[in-house]
Amino acid sequence: MADWRRHRILMVSDFFYPNFGGVESHIYYLSQCLLELGHKVVVMTHAYANRSGVRYMTGGLKVYYIPWKPFLMQNTLPTFYGTLPIIRNILIREKISLVHGHQAFSTLCHEALMHARTMGYKVVFTDHSLYGFADIGSIHMNKVLQFTLADVSQAICVSHTSKENTVLRSSLPPAKVFVIPNAVDTAMFTPAPERLKSDEIVIVVISRLVYRKGADLLVEVIPEVCRLFPQVRFIVGGDGPKRVRLEEMREKHSLQDRVEMLGAVPHARVRSVLISGHIFLNSSLTEAFCIAILEAASCGLLTVSTRVGGVPEVLPDDMVVLAEPDPVDMVRAIKKAIALLPRIDPQEMHARMKKLYDWRDVARRTEIVYDRALKCSNQNLLDRLSRYLSCGSWAGKLFCLVMIIDFLFWCLLKLLQPAADIEEVPDMVQFHHQDEEILMDDSQHQSSR
Amino acid sequence: MNANSSPTRPRWKKVAYGGMQPGYDDNYTDESFLEDMVMNANVVKRDMIKVMRDSISISQYLSIVALVGVVWTYTLKSTLDENSLLLIDATLLVSGFLVLLLTEEMLSLNLLFHYFLNIAFFMTGLYVLAPIYKTLTRSISSDSICSVTVVLLIVHLFLHDYSRSAVNAPGTWKNPTLTNCISLNASIVASVFIASRLPSWRNVFAIMLFSLLVFLFAPLVTYCIRKYSFRLHILFSFMLMVVSLALVYRLHRLLFIMFLVLLVFVTILCPYWLIRIQEYKFEINGPWDEAKLCFDITD
């Protein structure tokens, strides 16, 4: 592979393994597939417990766990400039050409993108979440996002709804925002080898039991469905503050033998829970994309979901039954799904999912975005400051000040520790290159545990 | 956006599955972009007169607090002696009860007895504690007490619940919020401070009773009046404002001007300001909003 085509990418986010969720697996799979395409990928995140320093993951994916402790919901304390020295070091050491930040909640991502822009790198940002415009938290969050995105080279969203949301929040031109959805590891989520018995119908729910995931809807829906269909059984996987309410509901309606509560399910066991059911129920109140639906569909389950956020875009109409987020309509949708069930073939569903979603496809599409980002013209500080200034009458000036200080801090760092003094990491890619096929096969096995 | 330019090119669909859509880049923006966005869906059109009428409650309470301040000052200057103070207390108590009786149709004899019992307890407690209050702040200078009192009153006014949304039946509070509690406590502490500067404990008792009567029950009484008849509420408020303005005028010229400006600001300028900034209201809703549950969650 010609060297000029290769990108050297630094993925930055507060969220990465051992934490688990949509963003984490997105970064992991995207990195793996980009490595497979011959790019160099390095991940940077904050330290998790005693996991601090440099680690290698499957396929030679290098991960920097920088020694910053998270302080709230796995986020690092926003210090603005505290991370500049270490980020500059990593960027120079790894000879990075492009920085890719993930998730709008991540303070580390915002800081890294800001420093990278100060140092003249091209940056790409992926937004994984939706945000409203009404409450005070969102207003501030949106301002921060506007600050980061004011100067970003290209942005990626995981669904079209998410793109609309991001364009409104950050006032980016829509042409700069790409839609590249998540995908699912279809090799890991395979259907049960033989078809389940159809004399009993099992509905599976796997989600964190919190308000935003619609746990309160479940409390209303489950007893009603159990009353209407004596052959239906529920399996609820996941933990959270609303678990007590679900257990109360189970006691109140004496459904102990028909609603099984599993507690938190580790990701490696998700498939084994999924394949014991016929229908997957998702009751989220807001969702930018929802990987859980993909995993369920890949295991051959028929999905019933609330029609919120980007969910309607995720699956073709014949693979999902959508409902408004109110109990009556959800019961109707489950009724419809039970009627549809005899016509669903899990193996066929799995085969279709294989065609619809593939992380390799995601990586190829992301590669195009990287190419575009690198073609963006270089800008000097003054050009960029004028862009920040247009962010708002007060906020704009504040943003400018932040950027000017960042620039001065960078100049000081260049004096104290010239780039020539920072040792560059030797590339191990050549070594990987020869037996890339074997390595990647290996990684597939390991990741499918 | 030439979506239908070539016949071979399939229509763009708003879906995420199936990889990149043939003929369209990932950053393609369709005409349907943002078509589900709703702007200013629940904006209330405000009427100047109505906002002004609503703001009267604020001016009314400001006047009440101003009156309390005037009484405090006169007592501290010893212009008002304890007997006239007790007379004022009694008048307030009786008139407050009359208002409650006249405006509340639900008031039974039983409830009235309950009230009397409570007030008796309350007054006895205050009577017993008055000597303690008298010496409470002896070691602190009058100036610091006065300034702290002013600050506490400002806090009280700032956090006071002017809409009376927390009240449902006479005297019973429906989950008072933190700010309500802070506001009430600030006013009570202020009264204790002022009372502690007085020379005799009978004076202390009289002034404490007066302040507590006003701070605890004036919101309830004004609320009952407003609920009974809005016209009466307006009339009552204007009366209070005129009386307080007159008394403040007799007390101090500069204070009078400041108070007048404050009242004008609250009743005329603020409503006008609110109406003016309405046009900048910009509310966006769309499919990205978190869905609202259509039933009550009782934890």
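Quick notes on the rules
Residues numbered from 1 in each chain as written. Chains lettered and ligands numbered in written order. Predicted model: local features only at pLDDT ≥ 70, side-chain atom pairs only at ≥ 80, totals over all residues. Heavy atoms only, no water. Helix = DSSP H or I, 4+ residues; strand = E, 2+ residues; numbered from the N terminus. Rg over C-alpha atoms; globule rule 2.2 N^0.38 Å. Buried < 20%, exposed > 50% of the residue type's maximum accessible area, 1.4 Å probe, protein only. Contact = heavy atoms within 4.5 Å. Areas by Shrake-Rupley, 256 points an atom, 1.4 Å probe, with all protein chains shown as cover. Lys, Arg positive; Asp, Glu negative; His and termini not counted. Charge placed at Lys NZ, Arg CZ, Asp CG, Glu CD. UniProt positions renumbered as here; feature names shortened; annotations may be inferred. Domains from an automatic or database assignment. Buried area = accessible area lost by both parts, 1.4 Å probe. Salt bridge = Lys/Arg side-chain N within 4 Å of Asp/Glu carboxyl O. Polar contact = N/O pair within 3.5 Å; in protein donor to acceptor, adjacent residues only side chain to side chain. Core = buried A, V, L, I, M, F, W, Y, C linked by side-chain atoms within 4.5 Å. Axes fitted to C-alpha atoms, helices over the stretch in contact; angles between N-to-C directions. Parallel < 35°, antiparallel > 145°, perpendicular 65-115°, else oblique. Left-handed = near helix turned anticlockwise from the far one by under 90°. Nonpolar A, V, L, I, M, F, W, Y, C, P; charged D, E, K, R; others polar. Pairing = 2+ DSSP bridges. Right-handed = clockwise from strand over helix to strand, strands pointing away.

Helix and strand content of chain B: eight helices and four strands. Sequence-ordered secondary structure for chain B, helices as α and strands as β, is β-α-α-α-α-β-β-α-α-α-α-β. Taking 19 Å as the expected radius of gyration for a compact globule of 299 residues, we find that chain B reaches 28 Å, considerably beyond that expectation. The proportion of buried residues among the 299 residues of chain B is 38%. Pairs at least 24 residues apart make up 76% of the contacts formed inside chain B by residues separated by at least 6 positions.

The helix and strand inventory of chain A stands at 17 helices and 16 strands. Compactness check: chain A gives a C-alpha radius of gyration of 23 Å against a globular reference of 22 Å for 449 residues, within 12% of the reference. Along the first, second and third principal axes, the C-alpha set of chain A runs to 75 × 55 × 40 Å. Residues classed as buried in chain A amount to 59% of the 449 residues present. Residue pairs in contact within chain A that sit at least 24 positions apart in sequence constitute 73% of those at least 6 positions apart. Accessible surface, chain A as shown: approximately 18600 Å² in total, 58% of it carbon and sulfur. For chain A, the distance from the average position of its 50 positive side-chain charges to the average position of its 48 negative side-chain charges is 3 Å.

In the UniProt entry, the feature "domain: PIGA GPI anchor biosynthesis" (unreviewed entry) is given for residues 46–135 of chain A. Between the C-alpha atoms that bound residues 46–135 of chain A the distance is 29 Å, and the span itself is 24% helix and 31% strand.

Attention now moves to the domain arrangement of chain B. All names here are of chain B. Per the domain assignment, the segments of chain B are domain 1 (46–78 + 229–278) and domain 2 (81–225). Tallying the contact residues gives 16 residues for domain 1 and 22 residues for domain 2. Around 1800 Å² of area is buried between domain 1 and domain 2 when both sides are counted, 84% of it from carbon and sulfur atoms. When the area that domain 1 buries against domain 2 is broken down by residue, the three leading residues are Tyr61, Trp72 and Leu76, summing to 41%. Along the contact surface separating domain 1 from domain 2 lie zero salt bridges. In this assembly, domain 1 and domain 2 are joined by three residue pairs in polar contact (both at pLDDT 80 or more). Sorting the residues of the side of domain 1 that touches domain 2 by element identifies α1 (48–76) and α7 (230–251) as the ones contributing at least two each.

Attention now goes to the nonpolar core. Across soluble globular proteins, nonpolar side chains have a tendency to be buried as a group. In terms of nonpolar packing, the biggest core is built from 113 residues, with A:Leu274 and A:Tyr357 touching the most fellow members. Both domains that meet at this core, namely domain 1 (8–183 + 360–437) and domain 2 (201–357) of chain A, each give it at least three residues. With sequence-adjacent residues up to four places away left out, A:Leu274 is seen in contact with A:Phe189, A:Val204, A:Ile206, A:Phe280, A:Glu295, A:Ala296, A:Cys299 and A:Leu301. In terms of nonpolar packing, the next biggest core, distinct from the first, is built from 46 residues, B:Val71, B:Leu126, B:Ala130 and B:Leu212 among them.

Attention now goes to the pattern of salt bridges. Residue and element names in this part refer to chain A. For the structure on display, the rule yields 26 salt bridges over all chains. In this structure, arginine 387 and aspartate 151 form a salt bridge, with 3.5 Å as the shortest nitrogen-oxygen distance. With arginine 387 in helix α14 (residues 381–389) and aspartate 151 in the loop between α4 (136–149) and β9 (154–157), the pair connects residues that are 236 residues apart, well separated along the chain. Lysine 213 serves as the salt-bridge partner of glutamate 287, at 3.5 Å between the closest nitrogen and oxygen. Taken together, the residues span a long stretch of sequence, with glutamate 287 in the loop between β14 (279–282) and α9 (291–298) and lysine 213 in the loop between β11 (201–206) and α6 (215–228) at a distance of 74 residues. Put simply, Arg117, Asp151, Arg384 and Arg387 are held in one network by salt bridges that share partners.

As a further point, take the side chain of B:Asn203. All names here are of chain B. Note on placement: asparagine 203 falls in helix α6 (residues 201–228). Residue asparagine 203 is classed as buried on the basis of its relative accessible area, which comes to 10%. In contact with asparagine 203, not counting residues within four places along its chain, are Thr75, Asp81, Glu82, Leu85 and Leu198.

Residues and elements named next belong to chain A. On domain assignment, one finds that chain A holds domain 1 (8–183 + 360–437) and domain 2 (201–357). If you average the C-alpha positions of domain 1 and of domain 2, the two centres end up 34 Å apart. Taken together, the contact between domain 1 and domain 2 spans 13 residues of the former and 11 residues of the latter. Summed over both partners, the interface of domain 1 with domain 2 buries about 1000 Å², with 67% contributed by carbon and sulfur atoms. Taken as a group, Leu130, Asn182 and Ala183 account for 42% of the area that domain 1 buries against domain 2, more than any other trio of residues on that side.

For any two helices packed against each other, one specifies the inter-axial angle together with the distance between the axes. Residue and element names in this part refer to chain A. Relative orientation of the contacting elements α6 and helix α7 (residues 243–252) amounts to 15°, with a least axis distance of 9 Å. It follows from the interaxial angle that α6 and α7 lie roughly parallel. For the pair α6 and α7, the sense of crossing is right-handed. Contacts between α6 and α7 involve Asp216, Leu218, Val219, Ile222 and Pro223 from the former and Arg245, Leu246 and Met249 from the latter. A class-by-class count of the residues in the contact of α6 with α7 yields six nonpolar, no polar and two charged.

Residue and element names in this part refer to chain A. Residue alternation in strand β13 (residues 259–263) divides its side chains into a buried set, Val259, Met261 and Gly263, and an unburied set, Glu260 and Leu262. Two strands pair when backbone bridges link them, and strand β12 (residues 232–237) and β13 are joined in this way by four bridges, in the parallel orientation. Pairing of isoleucine 235 across the sheet is with glutamate 260, part of β13. Where the polypeptide runs from β12 across α7 and back to β13, its parallel neighbour, the crossover connection is right-handed.

Residue and element names in this part refer to chain A. Burial within strand β7 (residues 98–102) is extensive, with five of its five residues counted as buried. As defined by bridge partners, β7 adjoins strand β8 (residues 122–127) across five bridges and the pair is classed as parallel. Paired with leucine 98 across the two strands is lysine 122, which belongs to β8.

Further remarks concern the interface of chain A and chain B. Of the residues lining the interface, 43 residues belong to chain A; the matching set on chain B comes to 30 residues. Both sides of the chain A and chain B interface together cover about 3200 Å² of buried area, and 61% of this is carbon and sulfur. The largest contributions to the chain A side of the interface with chain B come from A:His160, A:Glu164 and A:Leu168, which together make up 19% of the buried area. Put simply, chain A and chain B have four salt bridges between them. Across the pair B:Asp26 and A:Arg365 runs a salt bridge whose closest N-O atoms are separated by 2.9 Å. On the surface where chain A and chain B come into contact, there are 15 residue pairs in polar contact (both at pLDDT 80 or more). Those elements giving two or more residues to the side of chain A that touches chain B turn out to be α5 (160–170), β10 (177–179), α6, α10 (311–314) and α13 (359–375) of chain A. Per-element accounting of the side of chain A that touches chain B gives the leading share, seven residues, to α5(A).

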